[in-house]
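Per-entry structural report
Read off the chains here:
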Amino acid sequence: RDWSSDVCSSDLKLIYDEEVEVETVAKHLADRCHQYTQYSGVRPFGVALIISGVDQSGNKIYVTDPSGTFVSYAAVAIGAGADDVNAFLEKNYKDDMSLDDASALAVAAIELRAESKEEKSIKMSRVTKDKRTLQKVSDADVEIGRAHV
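The rules behind the values
- Residues numbered from 1 in each chain as written.
- Predicted model: local features only at pLDDT ≥ 70, side-chain atom pairs only at ≥ 80, totals over all residues.
- Heavy atoms only, no water.
- Helix = DSSP H or I, 4+ residues; strand = E, 2+ residues; numbered from the N terminus.
- Expected span 1.5 Å × (residues − 1).
- Buried < 20%, exposed > 50% of the residue type's maximum accessible area, 1.4 Å probe, protein only.
- Phe/Tyr/Trp six-rings, centres within 6.5 Å; stacked < 30°, edge-to-face > 60°.
- Contact = heavy atoms within 4.5 Å.
- Core = buried A, V, L, I, M, F, W, Y, C linked by side-chain atoms within 4.5 Å.
- Axes fitted to C-alpha atoms, helices over the stretch in contact; angles between N-to-C directions.
- Parallel < 35°, antiparallel > 145°, perpendicular 65-115°, else oblique.
- Left-handed = near helix turned anticlockwise from the far one by under 90°.
- Nonpolar A, V, L, I, M, F, W, Y, C, P; charged D, E, K, R; others polar.
- Lys, Arg positive; Asp, Glu negative; His and termini not counted.
- Salt bridge = Lys/Arg side-chain N within 4 Å of Asp/Glu carboxyl O.
- Polar contact = N/O pair within 3.5 Å; in protein donor to acceptor, adjacent residues only side chain to side chain.

**Considering helix H4 (residues 99-113)**
Working note: α-helix, 3.6 residues per turn, so residues spaced by three or four point in the same direction. Taking 1.5 Å per residue, 15 residues should reach 21 Å; H4 reaches 22 Å between its end C-alpha atoms and fits that length. All buried positions along H4 are accounted for by Ser-103, Ala-104, Leu-105, Val-107, Ala-108, Ala-109 and Glu-111.

This is how it looks when you write it as structure tokens:
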């Protein structure tokens, strides 16, 4: 967990007795990144972030960029090769996919542009609606997802 989510979570829980929404965290981080583009003498954050989580309204994924914008997606990639991977995700992602199918799609998307397809080169975690905690996916389960595609 990072400072932003801790501050947002504790403030909202303390004041409103509600958990923070993923969009609120994404907006806060995007605003912080944007603040550093406004002043001379400070170095802006030159990074895009993928922020995902589960809140009261379900699963959410947002991408922020250094300019302070944030956009919601169903499935997304950033960085080198993102155009090809996003086209692949747009074509193959379905809203009603099972978690295992979505994991297999993520593995296929990563391998689409990966320089190396070695075993154990992919590390994966999941956040499910029912548990709402970060759970590491074992290397064996990633390999099952790799074979599933």
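Here the narrative resumes.
**Comments concerning the packing of aromatic side chains**
Enumeration according to the criterion identifies one aromatic pair in this entry. Between Tyr-62 and Phe-70, the ring centres sit 5.9 Å apart and the planes meet at 55 degrees, which makes this aromatic pair tilted. Residue classification places Phe-70 among the partly exposed positions, given a relative accessible area of 26%.

**Examining the environment of Phe-88**
Structurally, the position occupied by Phe-88 is in helix H3 (residues 82-92). Expressed as a C-alpha distance, the spacing of Phe-88 and Val-76, which sit 12 residues apart in the sequence, is 9.8 Å. Beyond its immediate sequence surroundings of up to four residues, Phe-88 is in contact with Leu-105, Ala-108, Ala-109 and Leu-112.

**Considering the nonpolar core**
One finds Val-20, Val-22, Val-25, Ala-26, Leu-29, Ile-51 and Tyr-62 forming the largest nonpolar core, which totals seven residues. Here this core takes four residues from helix H2 (residues 22-35), the largest share from any one element.

**Brief notes about the environment of Ala-77**
Along the chain, Ala-77 falls in the loop between strand S3 (70-73) and H3. Overall, the relative accessible area of 18% leaves Ala-77 in the buried class. Separated by 28 residues in the primary sequence, Ala-77 and Leu-49 place their C-alpha atoms 10.0 Å from one another. Excluding residues that lie within four positions of it along the chain, Ala-77 makes contacts with Ile-50, Ala-82, Val-85, Asn-86 and Leu-89.

**Quick notes on the packing of H3 against H4**
The contact between H3 and H4 brings their axes to 9 Å, and the two run at 150 degrees. Classified by the angle between their axes, H3 and H4 sit roughly antiparallel to one another. As H3 runs across H4, the sense of the crossing is right-handed. In contact with Asp-84, Val-85, Phe-88, Leu-89 and Asn-92 of H3, H4 contributes Leu-105, Ala-108, Ala-109, Leu-112 and Arg-113. Its residues placed into classes, the contact of H3 with H4 shows seven nonpolar, one polar and two charged.

**Quick notes on the side chain of Asp-55**
By the secondary structure assignment, Asp-55 is in strand S1 (residues 49-55). Within the buried set, Asp-55 has no salt-bridge partner at all; the shortest N-O distance to an opposite charge, 4.9 Å, is to Lys-60. Within the structure, the side chain of Asp-55 is placed 3.0 Å from the backbone nitrogen of Val-22, a separation counted as a polar contact. A polar atom in the side chain of Asp-55 sits 2.9 Å from the side chain of Ser-57. When near neighbours in sequence (up to four residues on either side) are disregarded, Asp-55 contacts Val-20, Glu-21, Val-22, Glu-23, Lys-60 and Arg-132.

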